[in-house]
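The primary structure of each chain is shown beneath.
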Amino acid sequence: KKKIAIMTSGGDSAGMNAVVRAVVRAGIHYDCDVFGIYDGYNGLVSGGNMIKKMDWYDVRGWLSLGGTLIGTARNKEFRERSGRLKAAYNLVSNGIDSLVVCGGDGSLTGADLFRSDWPSLMEELVSTGKLTEMQVAPYKRLSIVGLVGSIDNDMAMTDRTIGAFSALERIIEMVDYIDATATSHSRAFVIEVMGRHCGWLALMAGISTGADYIFIPERPDDATNWKDKLSKVCMRHREKGHRKTTVIVAEGAIDNENKPITSEDVKKVLVDLGLDTRVTQLGHVQRGGTACAYDRMLGTLQGVEAVKAVLEDDGKSPSPMIGILEGKIVRKPLLEAVKLTKSVAAAIAAKDFDKAMSLRDSEFAE
Ligand code: F6P
């Protein structure tokens, strides 16, 4: 009987509970034992009651709950070999041979490193007397499957990350609220949104709310004239009769000289135009709350696919990442997806947008 563990890691995102529910139930459906690892890599390294066997009814009602109910963490110990050795011991002592990880690129890279380290970790557990040859014999390899849970939508080889649309929904709801008070007072609002180095949330929020101006890292404004450009656009809209001004700033926004463009920088420009201006940093409101329909659906379909990928792992192919491309749930090589994500980011940082676009398009090549 296969024993699969599921954990969530890195920043939480709406839809992670759907993933855990789907992995638990699909696992049981396919006659596997499923374990939940609490608090991400922290739980994997500390073991004990942080690794619990889960039954069908343990995940009842989880679809409509926000965050991740098995907890998450950003763990440093797992990055060291000593941490991975403890983690390997904890998995073998629970009889676990497969690990499904839902998290961002850092969490998924860590999981793949664990898989490549696995044989030497087994040797070390035996040579240091922690486990016997007989105990490790059934655990020749570890199956790893990655699912991308992140509000940032910043991973290559998948069109959507689990949680991105829920965060976007939350943002546009908040912008709508702000718009009402902004119009009442004829004010300007600078709204800062999350996304780390990725502008997807800011761009889509801007499009969905009809914002006056958007700042994103992928299209840095010119350091010498962004203030003039912003002023002209906002004044033109005011002259056309707009009673409010909405500017959305991605937290990673920069100018073309790589200098951050902050909400406060933007506010100063609007104040100089004579606009009564406020800044709203949406913060973790964007990440919390329940998952929208899309993320519940995506988490569920991808969770089931993750279990199938575990069951079909022949040990010869690279660890898969479950993605969605052009509406289809797909499996892509996890490490290649992480590598491509980094290459796209590097091309953007080098302002080579054509290269970034062609790398992005290469995701669709077979
Ligand atoms: O990666 C998800 C994310 O929410 C980013 O958008 C943001 O930059 C970061 O995590 C915030 O991290 P923390 O919750 O540790 O403050």
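Residues numbered from 1 in each chain as written. Predicted model: local features only at pLDDT ≥ 70, side-chain atom pairs only at ≥ 80, totals over all residues. Heavy atoms only, no water.

Per an unreviewed UniProt entry, the recorded name for the protein chain is ATP-dependent 6-phosphofructokinase, and the organism is Saccharomycopsis crataegensis.

## Here we look at the packing of aromatic side chains
The test is simple: Stacked, tilted and edge-to-face are the three classes applied to pairs of Phe, Tyr and Trp rings, where Trp contributes its six-membered ring and a pair requires centres within 6.5 Å; stacked means planes under 30 degrees apart, edge-to-face means over 60, and tilted covers the rest. Secondary structure counts use DSSP, requiring at least four H or I residues in a row for a helix and at least two E residues in a row for a strand, with both numbered from the N terminus. The buried label applies to any residue whose accessible area, calculated with a 1.4 Å probe on protein chains only, is under 20% of its type's maximum; exposed applies above 50%, and partly exposed to all values in between. Over a ring means this: the NZ of a Lys or the CZ of an Arg is within 6 Å of the ring centre and within 35 degrees of the ring normal.
Within this structure, the stated rule accounts for 7 aromatic pairs. A ring pair is formed by Phe78 and Phe114, whose centres lie 5.1 Å apart and whose planes are at 75°; its orientation type is edge-to-face. A residue pair is termed long-range when its members are at least 10 positions apart, and Phe78 in the loop between strand 3 (51-54) and helix 3 (81-93) and Phe114 in helix 4 (residues 105-127) qualify at 36 residues. No difference in accessibility class separates Phe78 from Phe114, as the two residues are buried. Within the aromatic cluster, the residues linked to one another by ring pairs are Tyr41, Phe78, Phe114 and Trp118. Across the ring face of Tyr38, the terminal group of Lys52 is positioned such that the distance to the ring centre comes to 4.2 Å.

## Here we look at the site of the ligand
Basically, it comes down to this: Any residue with a non-hydrogen atom lying within 4 Å of a molecule or strand is treated as near it. Polar contacts here mean pairs of N or O atoms no more than 3.5 Å apart (in protein, one a potential hydrogen donor and the other a potential acceptor; neighbouring residues in sequence count only if both atoms are side-chain atoms). Only the protein chains shown count as cover for residues, with accessible areas throughout obtained via the Shrake-Rupley method and a probe of 1.4 Å. Each residue receives one of three labels: charged for Asp, Glu, Lys and Arg, nonpolar for Ala, Val, Leu, Ile, Met, Phe, Trp, Tyr, Cys and Pro, and polar for the others, Gly being one of them.
In the neighbourhood of the ligand, the contacting residues comprise Arg74, Ile151, Asp152, Met194, Gly195, Arg196, Glu251, His284 and Arg287. A distance of 2.5 Å is found between an oxygen atom of the ligand and a side-chain nitrogen or oxygen belonging to Glu251. A total of 400 Å² of accessible area belongs to the ligand in isolation, and the protein chains cover 74% of it. When the residues that make up the shell around the ligand are grouped by side-chain class, the tally is 2 nonpolar, 2 polar and 5 charged.

## Side note on the sheet that holds strand 9 (residues 277-281)
What counts is decided by this rule: What makes two strands pair is DSSP finding at least two bridges between them. An axis is simply a line fitted to the C-alpha atoms; with a helix, the fit covers only the stretch in contact. Between two such axes, the angle follows the N-to-C directions and lies from 0 to 180 degrees. The contact criterion used throughout is that any non-hydrogen atoms of two residues lie within 4.5 Å.
If you trace the 4 strands from one edge of the open sheet to the other, you get 7-8-6-9, paired in parallel fashion. Only two strands of the sheet have a single neighbouring strand rather than two, namely strand 7 (213-215) and strand 9. For this sheet, the mean angle separating the axes of adjacent strands, direction not counted, is 15°. Relative to strand 8 (residues 245-250), strand 7 is paired through 3 bridges, and the arrangement is parallel. Along strand 8, the bridge assignment pairs Ile214 with Ile248. Together, strand 6 (188-193), strand 8 and strand 9 form the strand contacts of helix 6 (residues 164-185), whose direction differs from that of strand 6 by roughly 165°.

## A word on the packing of helix 11 (residues 334-349) against helix 12 (residues 353-361)
In helix packing, the relevant descriptors are the interaxial angle and the interaxial distance, both defined with respect to the helix axes. We count it as follows: Just so you know how the angles are binned, under 35 degrees is roughly parallel, over 145 roughly antiparallel, 65 to 115 roughly perpendicular, and the rest oblique. By convention, the crossing between two helices is left-handed when the near helix turns anticlockwise from the far helix through less than a right angle, and right-handed when the turn is clockwise.
Between helix 11 and helix 12, the least distance of the axes is 7 Å, while the angle of their chain directions is 160°. Relative to helix 12, the element helix 11 lies roughly antiparallel. Where helix 11 crosses over helix 12, the handedness of that crossing is left-handed. Mapping the contact onto sequence places Leu340, Ser343, Val344, Ala347 and Ile348 in helix 11 and Phe353, Lys355, Ala356, Leu359 and Arg360 in helix 12. Here the residues of the contact of helix 11 with helix 12 sort into 7 nonpolar, 1 polar and 2 charged.

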